[in-house]
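The residues making up each chain are set out below.
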Amino acid sequence: MFVGGVRPRCLENPLRRPPALLGALRAEVIPKADLLRLLRLVATSFGPGGAEENFSTGALLRRYGFSETFFTRFARPFFGGVLLDPELRTSAEVFLGYLRRFVTGRALLPAGGIGSLAEQLVSRIPRDMVRYDMRAEALQFAEGKVCGVRFANGVFLAGDEVILAVDEPAACRLLGSGRPRAALATAVHYFAADRPFYRGAWLCLPPRRETSPVLHAALVSNAAPSLAPRGAHLWSVTVLPGHPRATDAEWVRAEVASWFGEDPRSMRSLAFIEVPYAVPEQLPGFRRRPSPWGVLSPGVQVAGDANCGASIDAVMANGEEAAKKVISPGRLK
Ligand SMILES: Cc1cc2nc3c(=O)[nH]c(=O)nc-3n(C[C@H](O)[C@H](O)[C@H](O)COP(=O)(O)OP(=O)(O)OC[C@H]3O[C@@H](n4cnc5c(N)ncnc54)[C@H](O)[C@@H]3O)c2cc1C
């Protein structure tokens, strides 16, 4: 949903609801020529690919001839928010992967919040196999092979297979080698609202202005009502970390309320959360970069963002792959 103009206008996936294309053409929030370019780009995203990994997202969009209006109204607020990179420096290959998934799939929000994914995984293994609040401090080796992990609370857990599913800086620390990639940070304001300012599970995209820290926002309780605070509706407003107004909850709520002509006092600030290392930078060619830690010792694997593209589905597949290597029949004792 495009906001910040005269009135909010909606843009839906025309492959899911073909009449939406007519609406998009009529609304003219994205110039018609850019809509056609976008269709071409979607077709490209299903092609064999290859060259894209040498371009940044911004450079690829410019190659396709997208207008500055497209950058300001759609590319920076939407894909800048998805990639946590409003400058669009991220590899175009990552961007095309997301574009493909948005076109063919659906954006989902678990009713119990993102932590419910981990809870589902844990629910399938015996309780006593899971330990919480244990900070891994060092890997232990015997005769060149890993033999366990020492934790900050003094506990030592023996094991001849270790999968490091930690963030990249932690993986480098624990492996004692390599320099982590630079971080992409993010920051989110949460507000409780007396009433919903709009209906439906829409993401609100304001035109990207330098004066505003807001990238995008959503009434997330419209998509997952269970996330709402009692008797209220939940806003999640993603802002640009480091922007001079990023931490100013009053400014941010006034901006959001103004999109709908509402009174900002109907929004109550609940929390402001900053994540300094949200995902590692994924610049053009990042998949070809040599592994920061070189050759791993026998028995050690790295899984997650540090080892694959940064997204929830990529890290889940990567973690599963690592686990399968450990439990493959040939390796079971
Ligand atoms: C605000 C935000 C929104 C996002 N939204 C989306 C989205 O909508 N869709 C999407 O696909 N991706 C999204 N991402 C990205 C996604 O969350 C990551 O790609 C994914 O979580 C990475 O998984 P991971 O297992 O590699 O690392 P993490 O999820 O970061 O898990 C690593 C874990 O290791 C722990 N750890 C670190 N050091 C140690 C240590 N020494 N000992 C023990 N434990 C340690 C950390 O505490 C952490 O729990 C988002 C990220 C953020 C920050």
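Refer to the structure above for everything that follows.
Residues numbered from 1 in each chain as written. Predicted model: local features only at pLDDT ≥ 70, side-chain atom pairs only at ≥ 80, totals over all residues. Heavy atoms only, no water.

Caption draft 1: Quick peek at the packing of aromatic side chains. In this structure the tally under the stated criterion is 15 aromatic pairs. For the pair Tyr98 and Phe102, a centre-to-centre distance of 6.4 Å together with 25° between the ring planes defines the contact as stacked. Residue Tyr98 and its partner Phe102 are located together in helix α5 (residues 92-104), separated by four residues, close to a single helical turn. Each ring, one from Trp235 and one from Phe260, has its centre 6.0 Å from the other, and the planes form 50°; the classification is tilted. Of this pair, Trp235 sits in strand β8 (residues 233-239) while Phe260 sits in the loop between α9 (249-259) and β9 (267-280), placing them 25 residues apart in sequence. With respect to burial, Trp235 and Phe260 carry one shared label: buried. Each residue in the set Phe66, Phe70, Phe74, Phe78, Phe79, Phe95, Tyr98 and Phe102 is aromatic and connected to the rest through ring pairs, giving one cluster. Stacked on the ring of Phe71, the Lys or Arg Arg62 has its end atom at 4.2 Å from the ring centre. (Phe/Tyr/Trp six-rings, centres within 6.5 Å; stacked < 30°, edge-to-face > 60°. Helix = DSSP H or I, 4+ residues; strand = E, 2+ residues; numbered from the N terminus. Buried < 20%, exposed > 50% of the residue type's maximum accessible area, 1.4 Å probe, protein only. Lys NZ or Arg CZ within 6 Å of the ring centre and 35° of its normal.)

Caption draft 2: Region of the structure containing unusual backbone geometry. You will see that Leu88, though not glycine, has its phi angle at about 60°, which is positive. Note that Leu88 resides in the loop between α4 (68-82) and α5. Positive phi outside glycine occurs at Glu143, with the angle close to 50°. Looking at the element boundaries, Glu143 is found in the loop between β1 (136-142) and β2 (145-151).

Caption draft 3: Local environment of the site of the ligand. Contacts to the ligand come from 17 residues, most closely from Ala136, Asp167, Gly304, Asp305 and Ile312. Asp305 has a polar backbone atom sitting 2.7 Å from an oxygen atom of the ligand. Take Ile312: an N or O atom from its main chain is 2.7 Å from an oxygen atom of the ligand. Here the ligand loses 57% of its free accessible area of 990 Å² to cover by the protein chains. Residue assignment for the shell around the ligand shows that the elements contributing at least two residues are β9 and α10 (312-327). Top element by residues in the shell around the ligand is β9. It accounts for three residues. Across the shell around the ligand, the residue classes break down as 11 nonpolar, three polar and three charged. (Near = heavy atom within 4 Å. Polar contact = N/O pair within 3.5 Å; in protein donor to acceptor, adjacent residues only side chain to side chain. Areas by Shrake-Rupley, 256 points an atom, 1.4 Å probe, with all protein chains shown as cover. Nonpolar A, V, L, I, M, F, W, Y, C, P; charged D, E, K, R; others polar.)

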